[in-house]
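Descriptive analysis of the structure
So you can see what is in the structure, the chains are spelled out below.
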Amino acid sequence: NPLVKTHVASDVSAGSIVDSLLVTQNTSSSTSGQGARVLLSSLNASNRAAGIAAIAGGSSNHDLAFYTNGNFASPTEKMRIDHAGRVGIGSDSPASTLEISKNDQTNGATLSITNSNNESNWNAGDTIGTIDFRTDDSSTTQPIRGQIKLFDDTASNSTYPYANAMSFSTGN
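Everything numeric here is computed off the predicted structure, so don't read it as measured data.

Definitions and limits used
- Residues numbered from 1 in each chain as written.
- Predicted model: local features only at pLDDT ≥ 70, side-chain atom pairs only at ≥ 80, totals over all residues.
- Heavy atoms only, no water.
- Helix = DSSP H or I, 4+ residues; strand = E, 2+ residues; numbered from the N terminus.
- Rg over C-alpha atoms; globule rule 2.2 N^0.38 Å.
- Contact = heavy atoms within 4.5 Å.
- Areas by Shrake-Rupley, 256 points an atom, 1.4 Å probe, with all protein chains shown as cover.
- Lys, Arg positive; Asp, Glu negative; His and termini not counted.
- Charge placed at Lys NZ, Arg CZ, Asp CG, Glu CD.
- pLDDT = per-residue confidence, 0-100.
- Buried < 20%, exposed > 50% of the residue type's maximum accessible area, 1.4 Å probe, protein only.
- Polar contact = N/O pair within 3.5 Å; in protein donor to acceptor, adjacent residues only side chain to side chain.
- 1 Å grid on protein atoms, 1.4 Å probe; cavity = no way out; pocket = protein on both sides within 12 Å on 5 of 7 lines; lining within 4 Å.
- Points joined across faces, edges and corners; volume = space filled by probe spheres on them.
- Pairing = 2+ DSSP bridges.
- Axes fitted to C-alpha atoms, helices over the stretch in contact; angles between N-to-C directions.
- Patch = residues over 30% accessible without salt bridge, like charges linked within 9 Å, V, L, I, M, F, W, Y side chains within 5 Å.
- Salt bridge = Lys/Arg side-chain N within 4 Å of Asp/Glu carboxyl O.

Points about the overall build of the chain
- Helix and strand counts for the chain come out as 0 helices and 9 strands.
- Mapped from its N terminus to its C terminus, the chain presents α and β elements in the order β-β-β-β-β-β-β-β-β.
- Against the compact-globule benchmark of 16 Å for 172 residues, the chain has a radius of gyration of 22 Å, which places it well outside the compact range.
- At a minimum sequence separation of 6, the contacts of the chain that also span at least 24 residues come to 23%.
- Accessible surface, the chain as shown: approximately 12,800 Å² in total, 48% of it carbon and sulfur.
- Positive and negative side-chain charges of the chain, numbering 10 and 15 respectively, have mean locations separated by a distance of 11 Å.

Considerations on the confidence of the model for the chain
- Model confidence for the chain is summarised by a mean pLDDT of 82, while 94% of its residues fall at 70 or above.
- The spread of mean pLDDT over the elements of the chain runs between strand β1 (residues 35-41), the lowest at 84, and strand β5 (residues 87-89), the highest at 95.

Remarks on the side chain of arginine 80
- Inspection of the secondary structure puts arginine 80 in strand β4 (residues 76-81).
- A relative accessible area of 9% means that arginine 80 is categorised as buried.
- Within polar-contact distance, the side chain of arginine 80 engages the side chain of aspartate 63 at 3.1 Å.

Describing the layout of surface pockets
- Volume-wise, the largest pocket comes out at about 790 Å³.
- If you trace the largest pocket, you find 21 residues lining it, with Leu98, Glu99, Ile100, Asp132 and Arg134 closest to the centre.
- The element best represented in the lining of the largest pocket is strand β7 (residues 127-134), accounting for 5 residues.

Comments concerning the sheet that holds β7
- In spatial order, the strands read β7-β8-β9; together these 3 strands make up an open sheet with antiparallel pairing. The outermost strands of the open sheet, each flanked by one partner alone, are β7 and β9 (164-170). Direction aside, the axes of adjacent strands within the sheet are offset by 10° on average.
- Two strands pair when backbone bridges link them, and strand β8 (residues 144-152) and β9 are joined in this way by 7 bridges, in the antiparallel orientation. Residue pairing for β9: phenylalanine 151 is matched across the bridge by alanine 165.

A word on the sheet that holds strand β3 (residues 62-68)
- Pairing is mixed across the open sheet formed by 6 strands, whose spatial order is β1-β2-β3-β4-β5-β6. Strand pairing shows two members of the sheet lacking a second neighbour, β1 and β6 (98-100), which therefore form its edges. Neighbour-to-neighbour, the strand axes of the sheet open up by a mean angle of 20°, direction not taken into account.
- Summarising the sheet, strand β2 (residues 49-56) and β3 pair through 6 bridges and their orientation is antiparallel. Its bridge partner being in β3, isoleucine 55 is matched across the sheet by aspartate 63.

Comments concerning a nonpolar patch on the surface
- Together, Val8, Leu21, Val23, Val38, Leu40, Ile52 and Leu64 give the surface a local cluster of nonpolar side chains, amounting to about 590 Å² of exposed area.
- Within the secondary structure layout, leucine 21 lies in the segment before β1.
- Owing to a relative accessible area of 67%, leucine 21 belongs among the exposed residues under this scheme.

Below, the structure written as structure tokens:
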């Protein structure tokens, strides 16, 4: 019995994954930027939806893009995981493992970093978090222009990093 209007069921052996549903564009080849998108909506209208799309980055690479909307507008891309596993929030071509991009000179982009290590063995020099500041300037070979690192300064097998220090560095 189907549990919902569209229910795809597959027999799966322990530890394996079965391809159960394929959504494609109706062509035999793919051009960069083309793809297929699934829209999800609480209303019967595509402009009031969120979506997930597979987008070709080339002949054999595909990215996964996530779309949302606000104020009854058509959904726009908000996040992408590229074929190399890099995640871009506000960027469709992330340059690092995680890139957060926001076109807002007044407020800038905000990032929260949480080190979820809850072991009781923090020692001096252990890194809590690092932030790299990069440039999109193609005229430089040094895209990292600065770095902030928060680390434990003096702990020895502490239950938490209590004596924190920060280092700041800049590029040339």
